[in-house]
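Here are the chains, one letter per residue:
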Amino acid sequence: GAGVSQTPSNKVTEKGKYVELRCDPISGHTALYWYRQSLGQGPEFLIYFQGTGAADDSGLPNDRFFAVRPEGSVSTLKIQRTERGDSAVYLCASSLSGSSYEQYFGPGTRLTVT
Amino acid sequence: AQSVTQLGSHVSVSEGALVLLRCNYSSSVPPYLFWYVQYPNQGLQLLLKYTSAATLVKGINGFEAEFKKSETSFHLTKPSAHMSDAAEYFCAVSGKNDMRFGAGTRLTVKP
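Below, the structure is looked at part by part. Owing to the predicted nature of the structure, the values given are computational and were not obtained by experimental measurement. (Residues numbered from 1 in each chain as written. Chains lettered and ligands numbered in written order. Predicted model: local features only at pLDDT ≥ 70, side-chain atom pairs only at ≥ 80, totals over all residues. Heavy atoms only, no water.)

Before going further, it helps to spend a moment on the interface of chain A and chain B. On the side of chain B, 21 residues touch chain A, which itself brings 20 residues to the contact. Surface buried jointly by chain A and chain B totals about 1,600 Å² across both partners, of which 52% is contributed by carbon and sulfur atoms. In this structure, the connection of chain A to chain B is made through one salt bridge. Notably, a salt bridge pairs A:Glu102 with B:Lys49, separated by 2.2 Å at the nearest N-O pair. Counting the contacts that link chain A with chain B gives four residue pairs in polar contact (both at pLDDT 80 or more). Secondary structure elements with two or more residues in the side of chain A that touches chain B: strand 4 (31–37) and strand 5 (44–50) of chain A. The biggest single contributor to the side of chain A that touches chain B is strand 4 of chain A, with three residues. Residues that form the side of chain A that touches chain B fall into these classes: nine nonpolar, eight polar and three charged. (Contact = heavy atoms within 4.5 Å. Buried area = accessible area lost by both parts, 1.4 Å probe. Salt bridge = Lys/Arg side-chain N within 4 Å of Asp/Glu carboxyl O. Polar contact = N/O pair within 3.5 Å; in protein donor to acceptor, adjacent residues only side chain to side chain. Helix = DSSP H or I, 4+ residues; strand = E, 2+ residues; numbered from the N terminus. Nonpolar A, V, L, I, M, F, W, Y, C, P; charged D, E, K, R; others polar.)

Before going further, it helps to spend a moment on the packing of aromatic side chains. Tallied over the entire structure, the rule returns 14 aromatic pairs over all chains. With centroids separated by 5.0 Å and ring planes inclined at 15°, the aromatic side chains of A:Tyr33 and A:Tyr48 adopt a geometry described as stacked. Here the residue A:Tyr33 occupies a position in strand 4, and A:Tyr48 occupies one in strand 5, the gap between them amounting to 15 residues. The pair A:Tyr33 / A:Tyr48 is uniform in exposure class, with both members buried. Here the aromatic rings of A:Tyr35 and B:Phe101 are separated by 5.7 Å at their centres, their planes lie at 90°, and the arrangement is edge-to-face. Taken together, the residues A:Tyr35 in strand 4 and B:Phe101 in strand 10 (residues 99–101) connect one chain to another. For the pair A:Tyr35 and B:Phe101, a shared accessibility class is recorded, and that class is buried. Joined through ring pairs, the aromatic side chains of A:Tyr33, A:Tyr35, A:Phe45, A:Tyr48, A:Phe105, B:Phe34, B:Tyr36, B:Phe90 and B:Phe101 make up one cluster. (Phe/Tyr/Trp six-rings, centres within 6.5 Å; stacked < 30°, edge-to-face > 60°. Buried < 20%, exposed > 50% of the residue type's maximum accessible area, 1.4 Å probe, protein only.)

Structure, rendered in structure tokens:
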């Protein structure tokens, strides 16, 4: 079956611009996660959704970052006033339940802020 | 809080040699532990997971890992490396609402 998909695969934007990154989870997965992976590092947790609600957003670095999941399926990560330090690969994962028992990852969106 | 530490950011082995990637964990509760592999420009793929059942866990592509509570370790091994095993490997522990990853180990396989 289809895995987690993310669009775009690559995004180049100028400092100060607004970007949206999209994640389509595996059908039927109620839990959805966003991670950020900087060069040479492991993924770092940003936010976790259970259904439509953000159950844990403690990993969002500041208020420029925001994510939504209005219908409990597709999620969008939004970054306002982008900074060069936001450059990273943004990974989305989904799982059947909210236990983080086993997460399935998408290929990521590589964001470059110039 | 749960965390993992991967010892060695780079490991190089010859084709056919033993692969050993080290991971130590810290957890105040019995952990769920994972190993993921990441090929260039791809997402993370689950190799294997430990969920408090058998301490020796077998995964895909001939990999296995052993949970050792006394050593707080969950090292990944493969008896004979293949060129296709060259990738980045991440150890992870499940937190309350997320997965906590190590910094990764890049495995190089020499012909």
